[in-house]
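An overview of the molecular structure
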Amino acid sequence: NPYPITWHNGGTSVSKTMIAYMPDAKLGIVVLSNLIDTTLPESLAWRFFDIYFGNPKRDWSKEALAAMKKSGEKAKAEEPKQPAVPSPAMALDRYAGDYSNEIYGTVNIAKKADGLVFTIGPKKVRIDLRHWDGNVFMGSWDYYAAREDVGPITFDVNDRGAVTGVTVDVFNGDGCGTFSKTPQTLEASS
């Protein structure tokens with residue numbers, strides 16, 4: 001108010017940016033933050049425009065916090081619940097091996113003392129897998145000094161009981177999270 005705002009926000013794993021511009025007023029603002037899970041950049045931009053144009057005081061930050069809490073509660077309620085009696089996994093070494101896809105290249109899943117570990121990328125990012133139900137595991141990783149769940153990781157098993165692939169939900173938002181077991185490790189596990 002009083003003019004339309006052209007804006008865009010976005011972030012990476014460690015920062016978030018908000019760019020807002022009122023072409024009719026030849027006025028704009030850029031807000032940079034060093035957090036990703038925040039709505040502060042948007043709240044500051046909206047507050048800036050309110051102050052500039054003398055709009056009534058509005059606590060954009062309070063409104064954004066309330067919306068984030070509501071969204072968080074909804075997400076928590078929608079989290080998958082592990083079955084009371086999960087189906088057993090196969091022997092863990094049957095899941096081990098190299099898997100690949102065209103986007104992420106080759107990844108490795110290895111057996112460790114208390115489960116499996118999924119390793120991806122040149123920096124060898126590790127996702128620890130804990131059994132969830134049948135051929136479904138839940139993953140977690142260290143994300144900037146905090147342990148974070150990454151969701152389900154589901155192994156594809158053919159009718160002969162051989163693991164042929166794996167889908168990692170956290171990488172599958174754009175359809176690129178399915179990996180095929182490489183021919184060498186597929187033959188070794190058959």
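Scroll up a little and you will see the structure.
Residues numbered from 1 in each chain as written. Predicted model: local features only at pLDDT ≥ 70, side-chain atom pairs only at ≥ 80, totals over all residues. Heavy atoms only, no water.

A word on the sheet that holds strand 1 (residues 6–11). In space, the 3 strands of this open sheet follow the order 1-2-3, with antiparallel pairing throughout. Of all the strands in the sheet, just strand 1 and strand 3 (27–33) have a single pairing partner and so form its edges. This sheet shows a mean twist of 5 degrees between the axes of neighbouring strands, independent of strand direction. Examined bridge by bridge, strand 2 (residues 16–22) and strand 3 share 7 bridges and lie antiparallel to one another. The partner of K16 across the bridge, within strand 3, is S33. (Pairing = 2+ DSSP bridges. Helix = DSSP H or I, 4+ residues; strand = E, 2+ residues; numbered from the N terminus. Axes fitted to C-alpha atoms, helices over the stretch in contact; angles between N-to-C directions.)

The 8 strands lie next to each other as 4-5-6-7-8-9-10-11, forming a closed barrel whose pairing is antiparallel. Geometrically, the sheet is characterised by an average inter-axis angle of 30 degrees between neighbouring strands, direction not taken into account. By the bridge criterion, 5 bridges tie strand 7 (residues 125–133) to strand 8 (residues 136–142) in an arrangement that is antiparallel. Each bridged residue has a counterpart across the sheet, and for D133 the counterpart in strand 8 is V136.

With that settled, consider the pairing of strand 4 (residues 97–101). Relative to strand 5 (residues 105–112), strand 4 runs antiparallel, the two sharing 5 bridges. Opposite N101, over in strand 5, you have G105 as the bridge partner. The hairpin formed by strand 4 and strand 5 contains 3 residues between the paired strands. Note: strand 4 against strand 11 (residues 178–181), 2 bridges, orientation antiparallel. Across the sheet, residue Y99 finds its bridge partner in strand 11, namely K181.

Time to look at the nonpolar core. In this structure, Y99, F118, I127, L129, F155, F171 and F179 are the most contacted members of the largest nonpolar core, which totals 20 residues. Mapped onto this core, the elements with two or more residues apiece are strand 5, strand 6 (115–120), strand 7, strand 8, strand 9 (147–157) and strand 10 (163–168). The next biggest cluster of nonpolar side chains, apart from the first, holds 10 residues, and it includes M18, L27, A45 and W46. (Core = buried A, V, L, I, M, F, W, Y, C linked by side-chain atoms within 4.5 Å. Buried < 20%, exposed > 50% of the residue type's maximum accessible area, 1.4 Å probe, protein only.)

Time to look at the packing of aromatic side chains. Taken as a whole and judged by the stated rule, the model has 15 aromatic pairs. Each ring, one from F48 and one from F49, has its centre 5.3 Å from the other, and the planes form 65 degrees; the classification is edge-to-face. Relative accessible area serves as the criterion here: at 2%, F49 is assigned to the buried category. Measuring from centroid to centroid gives 6.4 Å for F118 and F171, while their planes differ by 40 degrees, and the two rings are tilted. A residue pair is termed long-range when its members are at least 10 positions apart, and F118 in strand 6 and F171 in the loop between strand 10 and strand 11 qualify at 53 residues. (Phe/Tyr/Trp six-rings, centres within 6.5 Å; stacked < 30°, edge-to-face > 60°.)

Before going further, it helps to spend a moment on the packing of helix 1 (residues 40–53) against helix 2 (residues 60–78). Contact pair helix 1 / helix 2: the axes reach a minimum separation of 9 Å and the direction vectors enclose 150 degrees. Relative to helix 2, the element helix 1 lies roughly antiparallel. In this structure, helix 1 crosses over helix 2, and the sense of that crossing is right-handed. Packed against helix 1, whose contacting residues are S43, W46, R47 and D50, the element helix 2 presents W60, S61 and A64 at the interface. Residue composition of the contact of helix 1 with helix 2, by class: 3 nonpolar, 2 polar and 2 charged. (Parallel < 35°, antiparallel > 145°, perpendicular 65-115°, else oblique. Left-handed = near helix turned anticlockwise from the far one by under 90°. Contact = heavy atoms within 4.5 Å. Nonpolar A, V, L, I, M, F, W, Y, C, P; charged D, E, K, R; others polar.)

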